[in-house]
Every structure is written in C-alpha cells, then in structure tokens.
Amino acid sequence: MTEQPRAIDEMNPDGVPRKVLFVAGAGRSGTSTLAGIVSRLGMHVPLPEVPPDDSNPRGFSEPQWVVDVHDEWLREALVQVSDSRPEAWFDTGRICSREPARIRVSEWLEPHFAEHPELVVKDPRLSWFLGLWRVAAIRTGATPVFATMLRPPAEVVGSKQKYYANKLGSAHLAASWVNMLLHTERATRSVDGVGEADAGQGRVFVRYEDLLTDWVRTTTAMGHALDLQTIIHTRSDQIREVHRFIDPTLRRVTATLDDLALPKRLHDLTGQTWEELNKLADEGGDTTAAHATFDQLRAEYVDLYEEAAAISRSTAEHARHQARRRALHEAAAEGASRSLADRVPHDVRAAIPPSVRRGVRKALGRSRDATGDTQP
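This structure is a prediction, so every number in the text was calculated from the model and none was measured.

Conventions adopted
Residues numbered from 1 in each chain as written. Predicted model: local features only at pLDDT ≥ 70, side-chain atom pairs only at ≥ 80, totals over all residues. Heavy atoms only, no water. Helix = DSSP H or I, 4+ residues; strand = E, 2+ residues; numbered from the N terminus. Polar contact = N/O pair within 3.5 Å; in protein donor to acceptor, adjacent residues only side chain to side chain. Core = buried A, V, L, I, M, F, W, Y, C linked by side-chain atoms within 4.5 Å. Buried < 20%, exposed > 50% of the residue type's maximum accessible area, 1.4 Å probe, protein only. Contact = heavy atoms within 4.5 Å. Phe/Tyr/Trp six-rings, centres within 6.5 Å; stacked < 30°, edge-to-face > 60°. Axes fitted to C-alpha atoms, helices over the stretch in contact; angles between N-to-C directions. Parallel < 35°, antiparallel > 145°, perpendicular 65-115°, else oblique. Left-handed = near helix turned anticlockwise from the far one by under 90°. Nonpolar A, V, L, I, M, F, W, Y, C, P; charged D, E, K, R; others polar. Pairing = 2+ DSSP bridges.

Engineer: Which parts of the structure should I look at to understand the side chain of His116?
Structural biologist: Structurally, His116 is set in the loop between α5 (99–109) and β2 (118–122). A polar contact of 3.4 Å, which involves the side chain of His116, links it to the backbone oxygen of Gly42.

Engineer: Quick question: what am I supposed to make of the nonpolar core here?
Structural biologist: One broad rule of soluble globular proteins: the nonpolar side chains tend to lie buried together. Counting residues in each nonpolar core, the largest one holds 56 residues, and the members touching the most others are Leu109 and Trp133. In terms of residue count, helix α8 (residues 170–187) provides more of this core than any other element does, 8 residues in total. Excluding residues that lie within four positions of it along the chain, Leu109 makes contacts with Leu119, Trp133, Ala136, Ala137 and Thr140. Listed in part, the 26 residues of the second largest apolar core include Leu34, Ala35, Val120 and Trp215.

Engineer: When you look at the packing of aromatic side chains in this model, what are you seeing that I'm missing?
Structural biologist: Aromatic ring pairs: the centre-centre distance and the angle between the two ring planes describe each pair. All chains considered together, the criterion is met by 8 aromatic pairs. Here Phe22 and Phe146 contribute two aromatic rings whose centre-to-centre distance is 5.5 Å and whose plane-to-plane angle is 25 degrees, an arrangement assigned as stacked. Taken together, the residues span a long stretch of sequence, with Phe22 in strand β1 (residues 19–24) and Phe146 in strand β3 (residues 143–150) at a distance of 124 residues. Of the two residues examined, Phe22 and Phe146, each falls in the buried class.

Engineer: Sorry, what's going on with the packing of helix α3 (residues 64–77) against helix α4 (residues 88–96) here?
Structural biologist: A pair of packed helices is captured by two measures, namely the crossing angle of their axes and the spacing between those axes. Remark: α3 packs on α4, axes separated minimally by 9 Å, with the N-to-C direction vectors making an angle of 125 degrees. The angle between α3 and α4 places the two elements in the oblique class. Classified by chirality, the crossing of α4 by α3 is right-handed. For the pair α3 and α4, the contacting residues are Trp73, Leu74, Glu76 and Ala77 in the first and Asp91, Thr92 and Ile95 in the second. Partitioning the contact of α3 with α4 into residue classes produces 4 nonpolar, 1 polar and 2 charged.

Engineer: Before we go on, may I ask you to explain the sheet that holds β3 in this structure?
Structural biologist: Within a sheet, adjacent strands bond to each other through the backbone by hydrogen bonds, running parallel or antiparallel. With respect to topology, 4 strands assemble into an open sheet ordered β2-β1-β3-β6, the strand pairing being parallel. On the outer flanks of this sheet lie β2 and β6 (203–207), each paired with one strand and no other. On average, each strand axis in the sheet is tilted by 20 degrees relative to the strand beside it, whichever way the strands run. One ladder, built from 5 bridges, connects β3 with β6; its direction is parallel. Paired with Thr148 across the two strands is Phe205, which belongs to β6.

Printed below as a string of structure tokens:
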C-alpha cells in the first residue's frame, strides 16, 4: 500500500517530533501484521518495500534496503537469521559497534523523514542489530521506540517449517526462538545517561493473538504507550482500511510445545520464557524485577547450549570432515575434466564441429558464458 502520508500540521500544528518505531521479534510472529497496521494508519515504511509472496500474500511492510543490508552483515558475521548460538550476538555486536555502519544507517534514515516524521522499520533480522539502529536513529534527531511481537513459540516453529521448508528441526527452531527473544528483551530496554536500564520506557510487547482479536484496542494502547502521534490521531478512513487488511485467518498455524517433542530441558526453558514474556504484555508487567528474571533465563539458556555443544562436538567435527571431503572430490573431478580436454591437440579440437564441442563440454560439466570464457 502506498497511501500518501498526512501532513504534519494535520496531526499537530506545532509539528510532530521525529520517531522511529522498530518492530522486532522472531520471523512468523506477526511482525508483518503490526507493521502493516501502523503503515495503513499513516506511519511511513521507507520505500521500496519487499514485495509480497506466497508465505505472506498481504505483504511484509518492510524496507528492501533494510533486508539487504542485514543480509550483507549476517553473511559477514557468519550468522543465520534463526541462529541458536548465544555467541552469535557477539559476532553481530562487532558490526553494531562500527562507526561506518552507524553512519551508513543514519544517512539512509535521514531523507525518509521528509516523507513523514514517524517511520516504521521492520525485519525479522532486525534484532541482531538493534543497538546500531538505536544509535543511528538518535543521530538523526529521532526517538527510537520498540514493539516486540509475541506469538507462542510452537506456532512460530510450525509456521517456519510450513512456509520456509526449514530442515533444521523443531529443537533448533525452538532454541533459536529462545535465543532471539531473550536477547531482544535485553536489547530493547531503555538506557539512561548513567547506563542503568529503565523499566517500561520506549518499548511495548504485543501479543499476536491480541492484535488479531482486537487490533483497535491493542494498537491504540501501543500508540499512547510510545507517544506515536500518527496512531493517536488516526482518521476514520484509515481505520476502515485496516479493517479490510486484518484477516481473522492470519493465524494459519496452531500448535503446542508438546507437539514439538523437544528435549525436556529445552521444553521447560522455552515454556518458561514464553510465560515470562507474556507478563511483559500486561499493563505494569515491564519491571526491573522482570528484567532480573530474563537475565537468569539467558544465563540458563547459555548453560544449556554450551552443554549440548560440548556433548555433540563429534557430530560437528564429522560434518566438517564430510564437507571437506566433498569439496576435495569436487575439486578433483573438475581438475580431471579439464586435464582430459587439455590433452587433446589444438588442431584436432579446431577440426571438431562447434555443436560436437558444445556437447563434449556439456558432458564434462563445462560451458561457455556470453563472453566465450569457460565456466565450471
């Protein structure tokens, strides 16, 4: 949807301060639904947007540039979108601390405020780089605020398996959900001038179920909690547009933790994490006491992961050796095919009709590109 944003003076004659709403959370948790709602209520998704596909036919409401730069950084850091390793946060954290990366993001943000003073940035990869985005937004004179989507982990896992053909298994996906949500909770805590985390400032947690059941009430509460003037002063025609956008069947995957057949310790930790996250979505639930609970859950997850990694080291080594053997076999086969062709005298090769030469190259696994260069 490309509805024109409202003029500033239509919302507030004194002007609306710059603000960036970062929609965070695991993929398939309803982040696209929330971003789609607030964009239809007038907040601006920087263009161009990622186009819809079969997994999300109503659209993702996420900027293509954001997805591309996150993919670039994740490749560099050797981190997966759904990475269950606690140390993966240190790998992406090194990128977050780079001054050129911060400048790059702030320079991308700046011109979009000419379209609207309140922007929405959403991408399932976002949590890996929240610190960078917070700094970049502040440098543009904007206030960063955060909305984290909450959906039962079994439904997130089931949805990823259904739409993304994930082959890593339920245990991996559940672990990556725990890893993602516990870090997102920590990264979205407000920080004051002396470095102490404040409770409940600049962030909200939104249940996917609440959004589908009563999006008006849920979104209005979020708008007031984060002081989003676009949401607070929305128009009736925009509300009707969201009613047309919201589909009660959006929750197409339902499951419970018992359906995933997880190892017991992971099952218990996943269930406890979900239970505690749910409390954050309640009024008054985001407290310093809750933060201490999440710090303890993160420590428990790190212990669980390190124990599992130590036990399964032989499996990891076996996979590494298999990959190395495949690479050596492929290199040897490629060398053998090239050597066979190179032993044919040049004058003999020149006498062979082009169509025959093409067939031989194809049989040897070689081809020529448009420039005539031989490609493997």
